[in-house]
Amino acid sequence: MSERKQQRTPVSAIKGTKDILPQEAKDWQRVEEVCKTIFELYGYKEIRTPVFEATELFEKGTGETSDIVIKEMYTFTDKGGRSITLRPEYTPSVARAIIEHRLYLQPEPLRFYFIGPMFRYDKPQKGRYRQFHQVDIEVFGESDPAIDAEIVEMADHLLGKLNVRDTEILVNSVGCERCRPAYLKELRSAAEAVSASLCADCQRKVTTNPLRIFDCKVETCQELARRFPQITDYLCADCEDNFRRFRSYLDLYKLSYRVEPRLVRGIDYYTRVTFEIISPKLGAQNSILGGGRYDNLMKDFGGPDICATGFAMGMERLLSVVRLEKQKDKFLYLAYMGDEAKKKAMELARFLRRQGVECLLEFKDRSLKNQLSRASKLEATWAIIIGEEEIRKGRYKLKEMRTAAQKEAGQEELLEILKKSIP
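Residues numbered from 1 in each chain as written. Predicted model: local features only at pLDDT ≥ 70, side-chain atom pairs only at ≥ 80, totals over all residues. Heavy atoms only, no water.

Peer 1: Tell me about the overall build of the protein, and please be specific about residues and values.
Peer 2: Looking only at helices and strands, the protein has 15 helices and 16 strands in total. If you line up the protein on its principal axes, its C-alpha atoms span 90 × 75 × 40 Å. Taken over 423 residues, the protein has a buried fraction of 47%. Nonlocal contacts in the protein, meaning residues at least 24 apart in sequence, comprise 70% of its contacts between residues at least 6 apart. Accessible area for the protein stands at about 22,800 Å²; split by element, carbon and sulfur atoms hold 48% of it. (Helix = DSSP H or I, 4+ residues; strand = E, 2+ residues; numbered from the N terminus. Buried < 20%, exposed > 50% of the residue type's maximum accessible area, 1.4 Å probe, protein only. Contact = heavy atoms within 4.5 Å. Areas by Shrake-Rupley, 256 points an atom, 1.4 Å probe, with all protein chains shown as cover.)

This is the structure we're talking about:
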C-alpha cells in the first residue's frame with residue numbers, strides 16, 4: 001500500500017497582524033527617519049523599554065475603567081506565576097523607567113521619543129491591528145502650557161514634512177481633580193437619564209466612568225452625548241487659565257484649531273489639556289495622533305510628583321495618509337563569468353561596499369545574458385561585467401542600465417564614477 005503524502009495546511013499570520021514586506025518597509029524607514037530627525041530638533045532622545053511589563057503597571061497607569069484594561073490587553077501568566085501584559089500603550093513604561101533609573105535626578109531634560117509595536121485585542125479595521133506600531137513622545141517635569149503648545153506645533157511640523165495635508169487640530173481641557181468631580185456628577189446624571197437608549201457598553205460606562213461614553217463610535221450614543229454637559233463649563237479658575245494660555249501659544253504659532261468639548265481621550269490618566277490631529281481621509285476612525293497632559297501619573301506610580309505631557313501616533317494610520325515622493329535606490333549588480341571572475345567580483349563588492357556603494361552579488365549559476373537580464377528586472381542602476389579579459393587587464397565593464405552606455409574602468413576609477421552618481 002503506497003504511502004500518501006500528508007497534506008499540510010499552510011500557516012497564516014494571526015488575524016489582526018500584518019507582515020511588513022521589504023518594499024513597504026522602505027516607506028516605514030523613511031517615515032521613522034523623519035520622525036527621529038524632527039524630535040531630535042526639539043531636544044528629545046530615544047528611549048526603548050521591554051515589550052512586556054507587569055500587568056499591574058498598565059492597570060494602575062492606564063486606568064481600570066478604560067477599554068484598554070477591560071477589553072483589550074494581552075495578558076498571560078508566565079512560568080514564574082507572574083501576570084504579564086504585552087504593552088498596550090507606552091506612557092506607563094516610560095514612567096516606570098524614569099522612576100526605576102531615577103532619571104529625574106539627571107541634568108538632561110526628561111524628553112523622550114519611542115517607535116515600536118503595541119498590542120491590543122481590538123476589532124481589526126482600516127489602519128488598526130492587534131499588533132500595531134506607535135510613535136510616542138513624552139515630556140516630564142515641564143508644567144508651563146507652552147510645552148503643550150510646542151508639542152502640538154512639533155506634531156504639525158512633522159505632518160507637514162511628511163506631506164500630510166488637510167488635517168484639523170482639536171483641543172480641549174478635561175479639568176483636574178478639583179473641578180472634574182462636579183462635572184462627572186452632572187455628566188453621570190445626564191447619562192443615567194438616557195441610559196436605556198445607550199448601547200450596552202455605554203450603559204456600563206455610566207457607572208464606571210461616564211467620560212468614556214464620548215469615545216463610543218455608535219451613532220446613537222454619539223447623538224445623545226452631544227446633548228450632555230460640556231466640561232469647559234465646569235473648569236476651575238486654574239484650569240481655565242491654563243487652557244486659555246495654551247490656546248494663546250497656539251495662536252502665537254499661528255496654528256488653526258477647534259475647541260472640541262467632548263475630546264476626552266480614551267485613557268484615565270489625562271488631566272487638563274488634551275488634543276488630537278484628525279484627517280478626513282481616515283473615515284470614522286479619523287485620528288492621526290492624540291495626546292495631552294497627565295500630571296498625576298508619576299505620583300500614582302509611587303514616584304516623585306512630576307508633571308507630564310505627550311502624544312501617541314499610530315504608524316499604520318499615518319502611513320495611510322502620508323504622501324511620500326517615489327525614491328529609487330541606486331545600486332550596482334555584479335555579473336561574472338567563471339570561478340576566478342566570481343572571486344574577483346567578491347573582492348570588488350567588498351571594496352565598494354566599504355566605500356558606501358550598495359552592491360548586489362548573487363551566487364547562482366546563470367549565463368552572462370541572464371545575469372544582465374536579472375539586473376534589468378531588479379532595476380539596478382549599473383551592472384559590472386567581470387570575465388577573464390577584465391581580470392587580465394584589471395579593468396571592468398561598467399554598464400549604465402537605463403541608457404545601456406558602457407565604459408571601462410579600474411577599481412579606483414570605478415569608485416570615483418559611482419560615488420559621483422550617488423547622492
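Peer 1: Give me the packing of helix α12 (residues 339-353) against helix α15 (residues 411-421): which residues, what numbers.
Peer 2: Orientation of α12 relative to α15, taken along the N-to-C sense of each, is 45°, at an axis distance of 11 Å. Of the possible angle classes, the one that applies to α12 and α15 is oblique. Crossing of α12 over α15 shows right-handed handedness. Between α12 and α15, the residues in contact are L348, F351 and L352 and Q411, E412, L414, L415 and L418, respectively. Its residues assigned to classes, the contact of α12 with α15 comprises 6 nonpolar, 1 polar and 1 charged. (Axes fitted to C-alpha atoms, helices over the stretch in contact; angles between N-to-C directions. Parallel < 35°, antiparallel > 145°, perpendicular 65-115°, else oblique. Left-handed = near helix turned anticlockwise from the far one by under 90°. Nonpolar A, V, L, I, M, F, W, Y, C, P; charged D, E, K, R; others polar.)

Peer 1: So what's going on with the packing of aromatic side chains? Residues and values would help.
Peer 2: Each pair of aromatic rings is reported with the distance of its centres and the angle of its planes. Tallying each qualifying case throughout the model produces 9 aromatic pairs. When the centroid spacing of 3.6 Å and the interplanar angle of 10° are considered together, the rings of Y90 and F114 count as stacked. Of the two residues, Y90 is situated in the loop between β4 (83-86) and α4 (91-100) and F114 in strand β5 (residues 110-119); the sequence distance between them amounts to 24 residues. On the accessibility criterion, F114 (4% relative accessible area) is buried. Seen in terms of ring centroids, Y270 and Y294 are 5.8 Å apart; in terms of plane orientation they differ by 80°. Their pairing is edge-to-face. Of the two residues, Y270 is situated in the loop between β8 (258-259) and β9 (271-278) and Y294 in the loop between β10 (287-293) and α10 (297-300); the sequence distance between them amounts to 24 residues. A single burial state applies to Y270 and to Y294, both of which are buried. The ring of Y121 carries R130 above its face, with NZ or CZ at 4.0 Å from the centroid. (Phe/Tyr/Trp six-rings, centres within 6.5 Å; stacked < 30°, edge-to-face > 60°. Lys NZ or Arg CZ within 6 Å of the ring centre and 35° of its normal.)

Peer 1: Can you tell me about the pattern of salt bridges, naming the residues and giving the values?
Peer 2: Evaluation of the coordinates by the stated rule reveals 31 salt bridges. Close ionic contact of R111 with E150 constitutes a salt bridge, the shortest N to O distance being 3.4 Å. Within this pair, whereas R111 is found in strand β5, its partner E150 is found in helix α5 (residues 145-161), the two being separated by 39 residues in sequence. Two residues, K393 and E389, come together in a salt bridge whose shortest N-O distance is 3.7 Å. A residue pair is termed a helical-turn pair when its members lie 3 or 4 positions apart in one helix, as K393 and E389 do in helix α14 (residues 388-393) at 4 residues. Overall, the relative accessible area of 37% leaves K393 in the partly exposed class. Judged by relative accessible area, which is 41%, E389 ranks as partly exposed. Look at the salt bridges and you will find they share partners, linking E389, K393, R395, E408 and E413 into a network. (Salt bridge = Lys/Arg side-chain N within 4 Å of Asp/Glu carboxyl O.)

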